[in-house]
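Architecture and fold: a report
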Amino acid sequence: MSTPTPAASENPKILVLGVGNLLMQDEGIGVHVARVLSERYAFDPEVDIVDGGTAGLELIDKIDEREQVLIVDAVDFDLKPGSMIKLQNDEINAQLQDKMSLHHLGLTAVLSAAKLLDIQPREICLIGIQPHAMEVEVGLSPVITARFEEVLDGVVRQLVQWGVWVTRNHDELQEAIG
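Note that the coordinates shown come from a computational prediction; the quantities given were computed from them, not determined experimentally. (Residues numbered from 1 in each chain as written. Predicted model: local features only at pLDDT ≥ 70, side-chain atom pairs only at ≥ 80, totals over all residues. Heavy atoms only, no water.)

Strand order in the open sheet formed by five strands is β3-β1-β4-β6-β5, and the pairing between neighbours is mixed. Each edge of the open sheet carries a strand with a single partner, namely β3 (47-53) and β5 (84-88). Neighbour-to-neighbour, the strand axes of this sheet turn through a mean angle of 15°, independent of strand direction. Inspection of the sheet shows strand β1 (residues 14-19) paired to strand β4 (residues 68-74) by five bridges, in the parallel sense. Following the sheet pairing, Val-16 is matched in β4 by Leu-70. Contacts from helix α1 (residues 29-40) reach β1, β3, β4 and β6 (123-129) within the one sheet, and its direction differs from that of β3 by about 145°. (Pairing = 2+ DSSP bridges. Helix = DSSP H or I, 4+ residues; strand = E, 2+ residues; numbered from the N terminus. Axes fitted to C-alpha atoms, helices over the stretch in contact; angles between N-to-C directions. Contact = heavy atoms within 4.5 Å.)

Structure, rendered in structure tokens:
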């Protein structure tokens, strides 16, 4: 007897969403983090790791029916390159609405649409990393590469804070960020 395919309403409760553009150096940090998380760690079945790339409103389907969403992205906070900021819930739109890039407008539109559609997760966390370089080039800048493990650890710590069981798959260094 085969196991039935889960219905769309049976999405894992927690979503880790890495967003960004891999073709613009540090702008791709969120996607790199999502990929390394998937390769390096195992999580409770209630966690879904998604490469959101540069998607905009189409991410609304990914957020639907989630209880907690953790977004990882490059955000220009006018801080020292590599600085990491954690924002939660309403702080996210408040900080990002002043940003003029289309990418961040897309993210605020997704969060606003989720709220209007009454599908907003009960908790949203953004781990934002101040980029160093956003030129058209594949791969992270040396400044962000040097901070990558700290960013990854910040994501894992947030998941653990949410009660997620996390285990490392293996100890080999991944070459996924370069």
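Within this structure, the stated rule accounts for one aromatic pair. Between the aromatic rings of Tyr-41 and Phe-43, the centroid separation amounts to 6.2 Å while the plane-to-plane angle is 40°, which identifies the pairing as tilted. Residues Tyr-41 and Phe-43 agree in their burial class; the two are buried. (Phe/Tyr/Trp six-rings, centres within 6.5 Å; stacked < 30°, edge-to-face > 60°. Buried < 20%, exposed > 50% of the residue type's maximum accessible area, 1.4 Å probe, protein only.)

Glancing now at the pairing of β1. Most of β1 sits inside the fold, with six of its six residues counted as buried. Residues Ile-14, Val-16 and Gly-18 point to one face of β1 and Leu-15, Leu-17 and Val-19 to the other, with burial holding for every one of them.

Turning our attention to the environment of Ile-63. Structurally, Ile-63 is set in helix α2 (residues 60-63). If we ignore the near neighbours within four places in the chain, the residues touching Ile-63 are Leu-15, Val-69, Val-110, Leu-111, Ala-114, Ile-119 and Pro-121.

The next point concerns α1. With twelve residues, α1 should cover 16 Å at 1.5 Å per step; its first-to-last C-alpha distance of 16 Å lies within 8% of that length. Burial analysis of α1 places nine of its twelve residues in the buried class, which makes it a mostly covered element. Burial in α1 covers these residues: Ile-29, Gly-30, Val-31, His-32, Val-33, Ala-34, Val-36, Leu-37 and Arg-40. (Expected span 1.5 Å × (residues − 1).)

The predicted model of the protein chain has a mean per-residue pLDDT of 85, with 84% of residues at 70 or higher. Low pLDDT (under 50) marks residues 1-9, which in the prediction has two contacts with non-local residues, meaning those over four places away or in another chain. Of the regions scoring below 50 in pLDDT, residues 172-178 engages in eleven contacts with residues more than four places distant in sequence or in other chains. (pLDDT = per-residue confidence, 0-100.)

So, on to helix α5 (residues 142-161). Compared with an ideal rise of 1.5 Å per residue, which puts 20 residues at 28 Å, α5 spans 29 Å between its outermost C-alpha atoms and is within 8% of the ideal. Positive backbone phi, at 90°, marks Gly-163, one or two positions downstream of α5.

Looking now at the nonpolar core. Core analysis: the largest hydrophobic core is formed by 27 residues, its most contacted members being Val-33, Leu-37, Val-155 and Leu-159. Listing elements by their share of this core, those giving two or more residues are β1, α1, β2 (41-43), β3, β4, β6 and α5. With seven residues, α5 is the single largest residue contributor to this core. Apart from the residues within four sequence positions on either side, Leu-37 is in contact with Val-16, Phe-43, Ile-49, Leu-152, Val-155 and Val-156. Ranked by size, the runner-up nonpolar core spans 22 residues in total, among them Val-19, Ile-71, Val-75 and Ala-114. (Core = buried A, V, L, I, M, F, W, Y, C linked by side-chain atoms within 4.5 Å.)

Let us look at the pairing of β4. Counted residue by residue, β4 has seven buried out of seven residues, so it is predominantly covered. With burial as the criterion, each face of β4 is covered, one bearing Gln-68, Leu-70, Val-72 and Ala-74 and the other bearing Val-69, Ile-71 and Asp-73.

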